[in-house]
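A closer look at the structure
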Amino acid sequence: MNEFLKWFFAFISEMLKGYADIVRGFGHGIKQIFNIKNYISIFKEHSQNYSALSWVLSILAIIIVIAIYGLIIMMIVLAIRKYVRFRHSLVSNEDLLEEIAELQRKVLKMTKEKDEIMAMKVAQMGLPAGSGALSLADGTMAGEMGDGGEEAAPAVVESGVVQTTEHRFSKLIEVDTFYKTYTPPEYDNEIDLVGIVDNFRNFACSRMHLYYEPKVIRLFLAGMASTKLIILQGISGTGKTSLPYSFGKFLQVDTTIASVQPSWRDRTELFGYFNEFTKNFNETEVLKRIYSSGYNNDVNLILLDEMNIARVEYYFAEMLSILEMPNADEWELDIVPNVWSTDPENLDKGKIRIPQNIWYIGTANNDDSTFAISDKVYDRAQPINLDAKGVAFDAPDTPPMHLGFDHLDKLFREAFDKYPISQENLKKIQQLDLWVIEKLRVAFGNRILKQMNLFVPVYVACGGDELDGIDYILATKIFRKFESLNLAMLREELRELCAYMTKIFGKNKMNESIAYLERLQKLF
């Protein structure tokens, strides 16, 4: 045994000497590399008979060697830093995996606790455990927990209606309660469209210090007559948001403002959604305004502020389809898939009716933070350009008024009958349509022509000129489509179009369209 220990000690000692020699050799090598004193001695020994060229070459050689060593040291430092970051990343990933695993364990634990609670409630109701017959849609009893953590009363389905004491639409129930004792105001049924334009302009000036040209208000009212969706676009500070806001103040029915967020991707952000856990519907102010509009005869406005900061085609898609239906009786929005006995009175089988006395006004900016509005939206809307700030003027103090939807709709219909587009101008529009199709392969479309036949008469009834109304529709609805064409190849066609419009409509006419076409020519 002693001999074995002596041999093992000698064996290990000899091996460790090898490691020691490696360390000593490495240290000796490092010492030799950085032996500056020795380098100086060698240089002095060989530089006694240097010529000028030798001195220059020696100095360059020293600089190159120093640079090489500096590069090697820098690479070693970078490698060490990269390794440290890599290790830190691995540690962070491991921490994340541990957190995810912990969350999964908690979720499983909560699921188990929920199953145990449901089993206890089933037992209390006298149903067999694991029956799974707690679905409201199956017509069996439901024992879901209420908002305050208390058990809700069991619900029974009769004739497709869930009989329950729980309320899932608190805001809409408030609307029902309010209108049970509601007394409508006395509406002004004598005012005409010109009076509305003048009174609103003077009210905005005297009471709100907002200044609008009469043309802007005419365009706004004519847009309301032609579509339920109006887009106010232009540079910041021109009154896009304040126009519908002040109009609501003028009518003494405040405009509902929905500030669009970049995260809006579907209709739930606009109309709300049913929370399966709390069994409550998360109602929005927009939904409440739509529902309450069915009770009154007011002119109701909903403002979608910064509407294109998210994609309009995502969160407003369903409403775009509904507003396109020719039969207004079919304007319904699905809210919930089933019916509760405590649902609001005017909720028809889980659907809410979209009334005719409500308009949607969107404001839009065109910059890097927003999305381009698609043709699908523009075709269904009436764009109004606000490119200049209002000029201050003096106006008499003008109070607000009550304007009933029935009276406003009557004024629109009277304008349709009294001021239809003249046959002469309709013929010119048809000629222009054929020219644009032949030269630029762009057609007007029946929807736009229909909107023009609604827009122009009301614009005239508000005090405007027929050709100015036609000009505005062409510029904002037709010629806007040219932006998607290869304009660099169509400069000559655009110049010809300007000349053709001057020829058929007359000189100094169609100024809006010609100015827009000239701007397009300058872009390329």
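Small disclaimer: the values here were computed from a predicted structure and weren't measured.

**Considering the overall build of the chain**
When its secondary structure is counted, the chain shows 18 helices and 13 strands. Sorting the 524 residues of the chain into buried and exposed places 39% on the buried side. The long-range fraction of contacts in the chain, counting pairs at least 24 apart against all pairs at least 6 apart in sequence, stands at 75%. Accessible surface, the chain as shown: approximately 30,500 Å² in total, 57% of it carbon and sulfur.

**Regarding the packing of aromatic side chains**
A complete count under the given rule lists 22 aromatic pairs for this structure. With a centroid separation of 5.8 Å and 70° between ring planes, the pair formed by Tyr 211 and Phe 393 is classed as edge-to-face. Here Tyr 211, found in the loop between helix H5 (193-208) and helix H6 (214-226), pairs with Phe 393, found in the loop between strand S13 (382-385) and helix H13 (405-418); they are 182 residues apart in sequence, far enough to count as distant. With centroids separated by 6.5 Å and ring planes inclined at 10°, the aromatic side chains of Phe 455 and Tyr 472 adopt a geometry described as stacked. Residue Phe 455 is found in helix H15 (residues 446-461), and its partner Tyr 472 is found in helix H16 (residues 466-478); the two are separated by 17 residues along the sequence. You'll find Phe 455 and Tyr 472 in the same group, each marked buried.

**Here's the deal with the side chain of Asp 379**
Looking at the element boundaries, Asp 379 is found in helix H12 (residues 375-380). On the accessibility criterion, Asp 379 (13% relative accessible area) is buried. In terms of polar contacts, Asp 379 uses its side chain to reach the side chain of Lys 481, at 2.9 Å. If near-sequence neighbours (up to four positions away) are discounted, Asp 379 is found in contact with Arg 447, Ile 448, Gln 451, Lys 477 and Lys 481.

**Thoughts on unusual backbone geometry**
Backbone geometry at Gln 252 places phi at a positive 60°, although glycine is not the residue there. Note on placement: Gln 252 falls in the loop between helix H7 (242-250) and strand S4 (256-259). Classification of Gln 252 as partly exposed rests on a relative accessible area of 39%. The backbone phi angle of Arg 441 is positive, close to 60°, even though this residue is not glycine.

**Focus: the sheet that holds S4**
The five strands lie next to each other as S4-S7-S12-S3-S13, forming an open sheet whose pairing is parallel. Single-partner strands in this sheet number two, and they are S4 and S13. Strand-to-strand twist in this sheet, taken as the mean axis angle between neighbours without regard to direction, amounts to 20°. Here four bridges tie strand S3 (residues 229-233) to S13, and the two strands are oriented parallel to one another. Bridged to Leu 232 within S13 is Ile 384. Strands S3, S4, strand S7 (300-305) and strand S12 (358-364) of the sheet are contacted by H7, whose axis makes an angle of about 155° with S7.

**Digging into the sheet that holds strand S1 (residues 156-158)**
Within the open sheet, the three strands sit side by side as S1-S2-S9. Their pairing is mixed. The two strands at the open ends of the sheet, each matched to only one other strand, are S1 and strand S9 (339-340). With two bridges joining them, strand S2 (residues 161-163) and S9 adopt parallel strand pairing. By the bridge assignment, Val 161 is partnered in S9 with Val 339.

**Some details on the pairing of S12**
Burial runs high along S12: seven of the seven residues are buried. Of the two faces of S12, the one lined by Ile 358, Tyr 360, Gly 362 and Ala 364 and the one lined by Trp 359, Ile 361 and Thr 363 are each fully buried. As paired elements, S3 and S12 share five bridges and run parallel to each other. Its bridge partner being in S12, Ile 230 is matched across the sheet by Ile 361. Direction of pairing for S7 relative to S12: parallel, over a ladder of five bridges. The partner of Leu 301 across the bridge, within S12, is Trp 359.

**Some words on a negative patch on the surface**
Together, Glu 94, Asp 95, Glu 98 and Glu 99 make up a region of like negative charge exposed at the surface. Among the secondary structure elements, Glu 94 is positioned in helix H3 (residues 52-125).

**Here we look at the pairing of strand S6 (residues 280-283)**
Direction of pairing for strand S5 (residues 272-275) relative to S6: antiparallel, over a ladder of four bridges. Of the residues in S6, the one forming a bridge with Phe 274 is Phe 281. Linking S5 back to S6 in an antiparallel pair, the connection comprises four residues, with Lys 279 at a positive phi of about 60°.

**Remarks on helix H18 (residues 511-523)**
The first and last C-alpha atoms of H18 sit 19 Å apart over 13 residues, in line with the 18 Å expected at 1.5 Å per residue. Three or more residues of H18 are buried, namely Ser 513, Ile 514, Tyr 516, Leu 517, Leu 520 and Gln 521. Buried residues in H18, looked at end-on, bunch into an arc of 160°, giving them a common side. Turned more than 90 degrees away from the buried face of H18, the exposed residues are Lys 522 and Leu 523.

**Concerning the pattern of salt bridges**
Where side chains of opposite charge bring their charged atoms close, a pairing between them can arise. Per the counting criterion, the structure on display carries 17 salt bridges. Note that Lys 279 and Glu 276 form a salt bridge whose closest N and O atoms lie 3.0 Å from each other. A salt bridge links Lys 428 to Glu 424; its shortest N-O distance comes to 3.4 Å. With a gap of four residues between them, Lys 428 and Glu 424 both fall in helix H14 (residues 423-440), about one helical turn apart.

**Some details on the side chain of Thr 227**
Positionally, Thr 227 belongs in the loop between H6 and S3. There is a polar contact of 3.3 Å between the side chain of Thr 227 and the backbone nitrogen of Leu 229.

**So, the packing of H14 against H16**
Viewed as axis vectors pointing N to C, H14 and H16 meet at an angle of 25°, and their least axial separation amounts to 12 Å. The angle between the axes of H14 and H16 places the two elements in the roughly parallel class. When you trace H14 past H16, the crossing you get is right-handed. Contact residues: Asn 425, Ile 429 and Leu 432 in H14; Glu 466, Leu 467, Ile 470 and Leu 474 in H16.

What counts, and where the lines are drawn
- Residues numbered from 1 in each chain as written.
- Predicted model: local features only at pLDDT ≥ 70, side-chain atom pairs only at ≥ 80, totals over all residues.
- Heavy atoms only, no water.
- Helix = DSSP H or I, 4+ residues; strand = E, 2+ residues; numbered from the N terminus.
- Buried < 20%, exposed > 50% of the residue type's maximum accessible area, 1.4 Å probe, protein only.
- Contact = heavy atoms within 4.5 Å.
- Areas by Shrake-Rupley, 256 points an atom, 1.4 Å probe, with all protein chains shown as cover.
- Phe/Tyr/Trp six-rings, centres within 6.5 Å; stacked < 30°, edge-to-face > 60°.
- Polar contact = N/O pair within 3.5 Å; in protein donor to acceptor, adjacent residues only side chain to side chain.
- Pairing = 2+ DSSP bridges.
- Axes fitted to C-alpha atoms, helices over the stretch in contact; angles between N-to-C directions.
- Patch = residues over 30% accessible without salt bridge, like charges linked within 9 Å, V, L, I, M, F, W, Y side chains within 5 Å.
- Salt bridge = Lys/Arg side-chain N within 4 Å of Asp/Glu carboxyl O.
- Lys, Arg positive; Asp, Glu negative; His and termini not counted.
- Charge placed at Lys NZ, Arg CZ, Asp CG, Glu CD.
- Expected span 1.5 Å × (residues − 1).
- Arc of directions from axis to C-beta.
- Parallel < 35°, antiparallel > 145°, perpendicular 65-115°, else oblique.
- Left-handed = near helix turned anticlockwise from the far one by under 90°.

That's the geometry; what it means functionally is another story.
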